[in-house]
Amino acid sequence: MTETAIRVNKIMAAAVPLIMLIMNLAIIAIVWFGGMRVDAGGMQVGDLMAFIQYAMLIMLSILMGAMLFIMIPRAEVSAARVNEVMDIRSSISDNDAMVDCPPADGKLGVVFKDVTYYYPGAEKPALSHLSFTAHPGETTAVIGGTGAGKSTLLNLIPRFYDPESGSISIDGMDIRKLPLKKLRGMIGYVSQKAVLFTGTVAENIRYGNERATDKEVGEAIRSAQAEDFVSEMACGGDSLISQGGKNLSGGQKQRLAIARALLRKPAVYLLDDCFSALDYKTDAKLRAELEKAANSATVIVAAQRISTILHADQIIVLDEGKVAGTGTHA
Ligand SMILES: Nc1ncnc2c1ncn2[C@@H]1O[C@H](COP(=O)(O)OP(=O)(O)O)[C@@H](O)[C@H]1O
Ligand SMILES: [Mg+2]
């Protein structure tokens, strides 16, 4: 690959000046012979200029045609690779056992029963024998060092992975029996690394709920403590966010991602360490707002900073994928 690429680039490096030389020589020739004809009175200067333009157009087109021979094979290979990826079937999909369930009576929250999960090829389980219940209307916090398995735990709930053994249920329904669309529709997930897309602030937040009104979007921005910096941006909610949110700070990205989850008004909030880049004051205000917005929802928060989860109704301390203790802060 390297050798071929170097060879192709060398040829191109030589070819471009050569083509330019030919093109310019052609112009000289046209001006030379054309000049003589103009001198003899057989041709207008304007005709000569037009002739030069036409000649350039034709030569450029030939050049483009040559470029096509380089691009077509490349496009062909790329298309094949893209199709290969598109054709991969996810190992997690709706299977026959799906029940488009009648919602269980009342809300039962999220229940983990003896869940063990290995990442493919890993020797040690990322989570082992995890059991707990996250009750609706309460905040369940998961705390632990980096690599303790907090993100893994949260990722199991929307079925990004399926556990090796044990079961997870939402409102009394095993998540493997729920259609994926329905399951994920119940969840407002804020990933550890806030994901934003090219587009406006409002468009990014609307990914949470496409049918939301402008007023609801405004409310979500306010609740997520993002109003200050959004209103300071050039066009407020219509300001552009560049790819991956490169023109925002870490804390600003996190707040927009939270606004997106809030707009959804889900039954289950999964917040993966999304307060880490906020200052303590904003963190506290945001938590108060979240409590209001999520009054009867099940909230599961992963965090590393103790202050973020002081007030949680239940705290689970994870260490190397095992529960080291549960209880309240006291
Ligand atoms: N995609 C992955 N593939 C393999 N191992 C992973 C993957 N993601 C995380 N792990 C491993 O799982 C463990 C728990 O990771 P994670 O849940 O991200 O921790 P936390 O969010 O608590 O920092 C770590 O030991 C990590 O190396
Ligand atoms: Mg994590």
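Residues numbered from 1 in each chain as written. Chains lettered and ligands numbered in written order. Predicted model: local features only at pLDDT ≥ 70, side-chain atom pairs only at ≥ 80, totals over all residues. Heavy atoms only, no water.

Some details on the overall build of the chain
Then, number 1: Looking only at helices and strands, one finds ten helices and twelve strands in the chain.
Then, number 2: Computed over C-alpha atoms, the radius of gyration of the chain comes to 30 Å, more than 25% over the 20 Å expected from 2.2 N^0.38 for 330 residues, which places it beyond the range of a compact globule.
Then, number 3: Oriented by its inertia axes, the alpha-carbon framework of the chain measures out at about 105 × 45 × 40 Å.
Then, number 4: The buried share of the chain, reckoned over its 330 residues, is 37%.
Then, number 5: Partitioning the intrachain contacts of the chain with sequence separation of at least 6 by distance along the chain shows that 70% fall at a separation of at least 24.
Then, number 6: Of the accessible surface of the chain, which amounts to about 19,500 Å², a share of 59% is contributed by carbon and sulfur atoms. (Helix = DSSP H or I, 4+ residues; strand = E, 2+ residues; numbered from the N terminus. Rg over C-alpha atoms; globule rule 2.2 N^0.38 Å. Buried < 20%, exposed > 50% of the residue type's maximum accessible area, 1.4 Å probe, protein only. Contact = heavy atoms within 4.5 Å. Areas by Shrake-Rupley, 256 points an atom, 1.4 Å probe, with all protein chains shown as cover.)

What to know about the coordination of the magnesium ion (ligand 2)
Then, number 1: On the protein side, the magnesium ion (ligand 2) has S151 (OG) and Q192 (OE1) as donor atoms, found 2.0 to 2.1 Å from it. Of the two residues, S151 is situated in helix α3 (residues 150-156) and Q192 in the loop between β6 (187-190) and β7 (199-200); the sequence distance between them amounts to 41 residues. (Donors = N, O, S within 2.8 Å, 3.2 Å for Na, K, Ca; no water.)

Thoughts on the pattern of salt bridges
Then, number 1: A complete count under the given rule lists ten salt bridges for this structure.
Then, number 2: Between D283 and R305 there is a salt bridge, with the nearest N and O atoms lying 2.8 Å from each other. Of the two residues, D283 is situated in helix α9 (residues 280-293) and R305 in the loop between β10 (298-303) and α10 (306-309); the sequence distance between them amounts to 22 residues.
Then, number 3: Measuring nitrogen to oxygen at the nearest pair gives 3.3 Å for the salt bridge that ties E289 to K292. Here E289 and its partner K292 are both found in helix α9, three residues apart, which amounts to about one turn of the helix.
Then, number 4: Linked by salt bridges that have partners in common, D283, R287 and R305 make up one network. (Salt bridge = Lys/Arg side-chain N within 4 Å of Asp/Glu carboxyl O.)

Some points on the domain arrangement of the chain
Then, number 1: As far as domains go, the chain holds domain 1 (2-86) and domain 2 (110-327).
Then, number 2: Summarising the inter-unit geometry, the C-alpha centres of domain 1 and domain 2 are found 55 Å apart. (Domains from an automatic or database assignment.)

Points about the site of ligand 1
Then, number 1: Around ligand 1, the surrounding shell consists of Y119, A126, G145, T146, G147, A148, G149, K150, S151, T152 and Q192.
Then, number 2: Between ligand 1 and A148, the relevant distance is 3.3 Å, taken from an oxygen atom to a main-chain nitrogen or oxygen of the residue.
Then, number 3: In terms of residue class, the shell around ligand 1 is made up of three nonpolar, seven polar and one charged. (Near = heavy atom within 4 Å. Polar contact = N/O pair within 3.5 Å; in protein donor to acceptor, adjacent residues only side chain to side chain. Nonpolar A, V, L, I, M, F, W, Y, C, P; charged D, E, K, R; others polar.)

Concerning the nonpolar core
Then, number 1: If you look at the biggest cluster of nonpolar residues, it comprises 35 residues, and the most contacted ones within it are V201, I205, L256, I258, L271 and F275.
Then, number 2: Where this core is concerned, the elements lending two or more residues are α5 (201-206), α6 (214-223), α7 (227-232), α8 (250-264), β9 (268-272), α9 and β10.
Then, number 3: Among the elements that take part in this core, α8 stands out by supplying seven residues, more than any other.
Then, number 4: Those residues in contact with L256 that sit more than four places away from it in its chain are L196, V201, I205, A226, F229, V230, I241 and L248. (Core = buried A, V, L, I, M, F, W, Y, C linked by side-chain atoms within 4.5 Å.)

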